Amino acid sequence: RDLRMSRGLGDVYKRQRHIDAMLGLYETYCAQSDNEALKRGLRIIKAMYIDETAKPVEQIAMQENVSARQVYRDHDAAVDKISMLMFGIDALEMS
């Protein structure tokens with residue numbers, strides 16, 4: 001049996017707690033930063049994946065008063081940082 005495979009619901013709950021904790025850590029990091037791009041990146045991630053209703057990029061761009069391309073750049077930067085928190089050094093190997 002492949003040890004990297006899930007061993008049941010306990011693993012799912014552990015992973016979910018880890019994801020929640022790392023997102024919370026990233027949220028705190030962004031809140032304490034003076035970097036508006038970081039804060040915007042977090043808002044973009046929330047709007048696309050976490051909020052109850054996902055928003056399209058065009059709507060997010062209008063709300064943030066930036067181009068759709070900037071939304072994608074901020075999204076990618078936020079995903080990179082969140083990936084580093086979630087996966088550590090393994091995130092570098094995945095990119």
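Everything numeric in this text was worked out from a predicted model, so none of it was measured.

*Asks:* What should I look at first to understand helix H3 (residues 57–64) in this one?
*Replies:* An α-helix turns once per 3.6 residues; consequently, residues spaced three or four apart project the same way. Taken as a whole, H3 has its buried residues at Val57, Ile60, Ala61 and Glu64. An end-on view of H3 places all buried positions within 100° of arc, on one side of the element. Turned more than 90 degrees from where H3 packs its buried face, Glu58 and Met62 sit exposed. The inward-facing, buried residues of H3 contact helix H2 (36–50) and helix H4 (68–87). Asn65, located one to two residues past H3, shows a positive phi value of around 60°.

*Asks:* Hey, could you run me through the environment of Val57 in this one?
*Replies:* Locating Val57 in the fold gives a position in helix H3. With 14 residues separating them along the chain, Val57 and Val71 place their C-alpha atoms 6.9 Å apart. Those residues in contact with Val57 that lie beyond four places of it in its chain are Met48, Ala68, Val71 and Tyr72.

*Asks:* Could you clarify how one ought to interpret H2 in this entry?
*Replies:* Between the first and last C-alpha of H2 there are 20 Å, a value that for 15 residues agrees with the 21 Å anticipated at 1.5 Å per step. For H2, the full list of buried residues reads Leu38, Arg40, Gly41, Leu42, Ile44, Ile45, Ala47 and Met48. Where H2 begins, the capping side chain belongs to Asn35, and its oxygen is found 2.8 Å from the backbone nitrogen of Ala37.

*Asks:* Please explain unusual backbone geometry as it appears in this structure.
*Replies:* Working note: non-glycine residues mostly have negative phi, and peptide bonds are mostly trans. Unusually for a residue other than glycine, Asn65 sits at a positive phi of about 60°. Mapped onto the elements of the fold, Asn65 is located in the loop between H3 and H4.

*Asks:* Would you take a moment to explain the packing of H3 against H4 for this structure?
*Replies:* The description of two packed helices rests on the angle between their axes and on the distance between the axes. The N-to-C vectors of H3 and H4 enclose an angle of 95°; their axes lie 8 Å apart at closest approach. The orientation of H3 relative to H4 falls into the category roughly perpendicular. Along its contact with H3, which presents Val57, Ile60 and Ala61, the element H4 presents Ala68, Val71 and Tyr72. By residue class, the composition of the contact of H3 with H4 is six nonpolar, no polar and no charged.

*Asks:* When you look at the packing of aromatic side chains in this model, what are you seeing that I'm missing?
*Replies:* One pass over the structure, following the stated rule, counts one aromatic pair. Judged by centre distance (6.2 Å) and plane angle (35°), the ring pair of Tyr26 and Tyr29 falls under tilted. Of the two residues, Tyr26 and Tyr29 both sit in helix H1 (residues 9–31), three residues apart, roughly one turn of that helix. Owing to a relative accessible area of 2%, Tyr26 belongs among the buried residues under this scheme.

*Asks:* Help me out: how do you make sense of the pattern of salt bridges in this one?
*Replies:* Side chains that differ in sign of charge can pair as their charged atoms come close. This model, assessed by the stated rule, comprises four salt bridges. A salt bridge links Lys46 to Glu27, with the shortest nitrogen-to-oxygen separation between them at 2.6 Å. Of the two residues, Lys46 sits in helix H2 while Glu27 sits in helix H1, which places them 19 residues apart along the sequence. For Lys46, a relative accessible area of 26% puts it in the partly exposed group. Judged by relative accessible area, Glu27 falls into the partly exposed class, the value being 35%. The residue Glu36 makes a salt bridge to Arg43 at a minimum N-O spacing of 2.9 Å. By relative accessible area, Arg43 is classed as partly exposed at 35%. A network of salt bridges, in which partner residues are shared, links Glu36, Arg43 and Glu64.

What counts and what doesn't
Residues numbered from 1 in each chain as written. Predicted model: local features only at pLDDT ≥ 70, side-chain atom pairs only at ≥ 80, totals over all residues. Heavy atoms only, no water. Buried < 20%, exposed > 50% of the residue type's maximum accessible area, 1.4 Å probe, protein only. Helix = DSSP H or I, 4+ residues; strand = E, 2+ residues; numbered from the N terminus. Arc of directions from axis to C-beta. Contact = heavy atoms within 4.5 Å. Expected span 1.5 Å × (residues − 1). Polar contact = N/O pair within 3.5 Å; in protein donor to acceptor, adjacent residues only side chain to side chain. Axes fitted to C-alpha atoms, helices over the stretch in contact; angles between N-to-C directions. Parallel < 35°, antiparallel > 145°, perpendicular 65-115°, else oblique. Nonpolar A, V, L, I, M, F, W, Y, C, P; charged D, E, K, R; others polar. Phe/Tyr/Trp six-rings, centres within 6.5 Å; stacked < 30°, edge-to-face > 60°. Salt bridge = Lys/Arg side-chain N within 4 Å of Asp/Glu carboxyl O.

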